[in-house]
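A structural walkthrough
One letter stands for each residue in the lines below.
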Amino acid sequence: MTFEDLHLGSIVVSTVRNAPVLLFAAMAGLFAERSGVIDIGLEGKILASAFVSAAVAFTTQNPWYGILAGIAISVVLALLQGAIAITQKGNQLVAGIAINIAMSGLTFVVAQYFFQQGGRTPGLGDARLSEIVLPGSAAVADVPVIGWIWTQLLGGHTILVYLAFALVPLVHWVLYHTRFGLRLRACGENPHAADAAGVSVEGTRYGAMLIAGILCSFSGAYLAIVQSGFFLRDMSAGAGYLALTAMVFGNWRPFYTFLGCLMFGFFGAVQIQLEGVDLPVVGRIPGALIQMVPYVVTVIVLAGLMAKSVAPKAIGVPFVKSR
Amino acid sequence: MTTNELPRWATGIVLPILNLLSALLVTALVIHLLGENPAESMQILVNSAIVNPEGLAYTLFYASTFVFTGLAVSIAMQAGLFNIGAEGQMYLGGLGLTVAMLAFDATLPWYLLIPAGMIGAALFGALWAFIPGYLQAKRGSHIVVTTIMFNFIASSLMNFVIVKYLIPPGEQNTASRVFSTDAELPRLSDWFPILGDTPLNVSLFLAIIALVIYGVMVSRSSWGYKVRATGLNRHAAHYAGVKISAMIIVTMLISGALAGLGAVNSIMGSTHYLSLNFVGGAGFIGIAIALMGRQQPIGIFLSAVLFGALTQGGFDLSLEKPNIPPEMVIVIQGLIILFCGAMENLYAPALAKLLKGKQA
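Residues numbered from 1 in each chain as written. Chains lettered and ligands numbered in written order. Predicted model: local features only at pLDDT ≥ 70, side-chain atom pairs only at ≥ 80, totals over all residues. Heavy atoms only, no water.

Brief notes about the overall build of chain A
Within chain A one finds 13 helices and 2 strands. Whereas a compact globule of 323 residues would reach a radius of gyration of roughly 20 Å, chain A reaches 21 Å, a difference of no more than 12%. Viewed in the frame of its principal axes, chain A has a C-alpha envelope of about 70 × 50 × 40 Å. Expressed as a percentage of the 323 residues in chain A, the buried residues total 55%. At a minimum sequence separation of 6, the contacts of chain A that also span at least 24 residues come to 79%. Accessible area of chain A: about 13,300 Å², with a carbon and sulfur share of 67%. (Helix = DSSP H or I, 4+ residues; strand = E, 2+ residues; numbered from the N terminus. Rg over C-alpha atoms; globule rule 2.2 N^0.38 Å. Buried < 20%, exposed > 50% of the residue type's maximum accessible area, 1.4 Å probe, protein only. Contact = heavy atoms within 4.5 Å. Areas by Shrake-Rupley, 256 points an atom, 1.4 Å probe, with all protein chains shown as cover.)

Description of the overall build of chain B
Within chain B one finds 14 helices and 0 strands. Reading chain B from its N terminus to its C terminus gives the helix and strand order α-α-α-α-α-α-α-α-α-α-α-α-α-α. Its C-alpha radius of gyration of 21 Å places chain B within 12% of the 21 Å reference for a compact globule of 360 residues. With respect to the three principal axes, the spread of C-alpha positions in chain B is 75 × 55 × 35 Å. When each of the 360 residues of chain B is scored for burial, the buried share is 56%. When contacts within chain B are restricted to residue pairs at least 6 apart in sequence, long-range pairs at least 24 apart make up 77% of them. Taken as a whole, chain B presents about 15,600 Å² of accessible surface, with 66% of it coming from carbon and sulfur.

Examining the interface of chain A and chain B
Contacts between the two partners involve 41 residues from chain A and, on the opposite side, 38 residues from chain B. Counting each side, the surface lost to burial between chain A and chain B is near 3,500 Å², with a carbon and sulfur contribution of 80%. Note that A:R233 is salt-bridged to B:E327, the shortest N-O span being 3.0 Å. Linking chain A with chain B are 2 residue pairs in polar contact (both at pLDDT 80 or more), by the criterion used here. Per element, the largest residue contribution to the side of chain A that touches chain B is 15 residues, and it comes from helix 4 (residues 92-115) of chain A. For the side of chain A that touches chain B, the residue count by class is 26 nonpolar, 13 polar and 2 charged. (Buried area = accessible area lost by both parts, 1.4 Å probe. Salt bridge = Lys/Arg side-chain N within 4 Å of Asp/Glu carboxyl O. Polar contact = N/O pair within 3.5 Å; in protein donor to acceptor, adjacent residues only side chain to side chain. Nonpolar A, V, L, I, M, F, W, Y, C, P; charged D, E, K, R; others polar.)

Focus on the environment of B:F301
Locating B:F301 in the fold gives a position in helix 12 (residues 297-320). Through-space distance from the C-alpha of B:F301 to that of B:A207 is 8.9 Å; in sequence the pair is 94 residues apart.

Describing the environment of A:G41
Residues and elements named next belong to chain A. Mapped onto the elements of the fold, G41 is located in the loop between helix 1 (8-34) and helix 2 (42-60). Look at G41 and you get buried, because its relative accessible area is 0%. A C-alpha to C-alpha distance of 16 Å links G41 and A221, two positions 180 residues apart in sequence. In contact with G41, other than residues within four places in its own chain, are Q81, G96, I99 and N100.

Notes on helix 2 of chain A
Residues and elements named next belong to chain A. The end-to-end C-alpha distance of helix 2 is 26 Å, a good match for the 27 Å that 19 residues give at a rise of 1.5 Å each. In terms of burial, helix 2 is largely enclosed, as 15 of its 19 residues are buried. Positioned one or two residues after helix 2, Q61 has a phi angle of 55°, which is positive. (Expected span 1.5 Å × (residues − 1).)

With respect to the confidence of the model for chain A
In the predicted model, chain A carries a mean pLDDT of 87, and 94% of its residues have values of at least 70. At the low end of the mean pLDDT range in chain A sits strand 2 (residues 283-284) of chain A, at 69; at the high end sits helix 2 of chain A, at 95. (pLDDT = per-residue confidence, 0-100.)

Describing helix 3 (residues 53-78) of chain B
What sets the pattern is the α-helix's 3.6 residues per turn: residues three or four places apart point alike. Residues and elements named next belong to chain B. Look at helix 3: 35 Å from first C-alpha to last across 26 residues, which is about the 38 Å you get at 1.5 Å a residue. The element helix 3 is largely enclosed, with a buried count of 21 among its 26 residues. Here helix 3 starts with a cap whose side-chain oxygen sits 3.1 Å from the backbone nitrogen of E54, and that cap is N52. Once helix 3 ends, the next one or two residues include G80, with phi positive near 80°.

Brief notes about the nonpolar core
A:I40, B:F82, B:F307 and B:I336 are the most contacted members of the largest nonpolar core, which has 201 residues in total. Filtering out sequence-adjacent residues up to four positions away, B:F82 remains in contact with A:L93, A:V94, A:I97, B:M77, B:I143, B:V144, B:T147 and B:I287. (Core = buried A, V, L, I, M, F, W, Y, C linked by side-chain atoms within 4.5 Å.)

Listed below in structure tokens is the structure:
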């Protein structure tokens, strides 16, 4: 493979296909963290919903049942996190990490118990979501640029891809233009003021965790039901952490977070494309080094060399009602 | 909701035991759901991890590594830093040790070679922790997120270094060459044949020495006092004249060095070569150990032995019970972190009520 074989088009398309995993998780994290609860347990929730949705979709041969089951498990975990963070006033970081570790093991153990295939589920076959072909695709397929845009960039994706991208303006609207969003932000910035204004801080934070649980489940379902068509041990491979950093990168704002997700999706796509390609000047870059790029970029962003991000003020602090 | 109302023996001993029992109860439930007998499984686990001398040797062998990662996380926690990067720091420590070995194992005698390996491990581990520490101190980057990123970077970097530079020509195995026998740490089974052919080595004593030094430094020295002041209230410590950014950087350097030293037991004490993924989660177990041991030397030692026993016993259990794979140990770890770390005060209100009732 040479440099000329690198197709910019396929990088763009796979960026679009990589982004939803991060987008769902990052939007989930946005709700949790804007309400004041650190959501480092995204990874565990993604894994759990990936396994459950794959297992249920395979057993029932229906992807929709899989997605529903994924939502259920992810919500349970999010509410457990909420109970620790909100009611018990425990350490939110530790809770998230515990969930990540427990789910990494539990999904394997249960997958092995039910399917005996080395901790993966059987291939889903027809129980995957079908790709949507936009009307008129056949007609424009041969037109040079427009055909590619219509059939590959805009069309040919599953419903979850469109949902992920539609989520960004929706989350923006909920956060900045609804009463719930205002209260949510108040709880994350100054819970005592919110409390004095008659807002139930605990109730709002539980609500945020519920939404976070639902949104995060789509991330896992997308991984298992759409992208790979089966569940594999630790298949999220750090997506939850990347989503979290996309959010930090995006300053806890939906549109900038979206850009962060696209950036990580892009690097993921480039990594696959660059594997074994002879580049001019630098030559062949080993896959392991390309793999490192998004993480290094994240560290650079975190160091404030590109932009300074400011977290919600009350994040990670349990709310104790003043008497 | 605070534990302040409780006496020290209650928060130090009773609560951790209650939390541990809760974690084991959930584990028993999972084992039951997998169709195995929890009581019988627990018996197999205890037998093969503690009762059987060879098993006990393995338990202590794993514990020797866990003490170091536990100390690494603990010292950072004392300064209010949540170092999730012990995994990557130990991985890089293994590289430092290996670089020293590959350079010197043909020329230096054992009494210089072994310290050289330790220095290499500590140095590389410290360097890998330095960057997140520096970024936290000078740029305010959140240490949790940066150390997570550094774990990923370490994993990719080591994959690259091992595959590209360390595999001997003509070999397929993703590992470095075997070091000379001068670099092998003496095994305890040389003196106590009852331990059988087990890798338990003098690292156990190193771990105990490290625990003692840690205990003295943290609770008896003025430096330790500054570290704890930084962890308890950064602003107050700053006004009291503690240089916070220097404190953060130095503590992270020590933390990374300790995590790096974890590689000494795994590599110089057992395999005698660097292999891909040799850390195998020991860094994350360090988090659990630090939380459960409440950053106290004795607590860290006991938790390290507990996790050593879980690793060894869990492995044997998976051999005897087809429905329980070795990954079950990861589930138990997660549950212990959940109950002993995140929900540590779960039983505090009930216990406070109980004690109050007795006094009245």
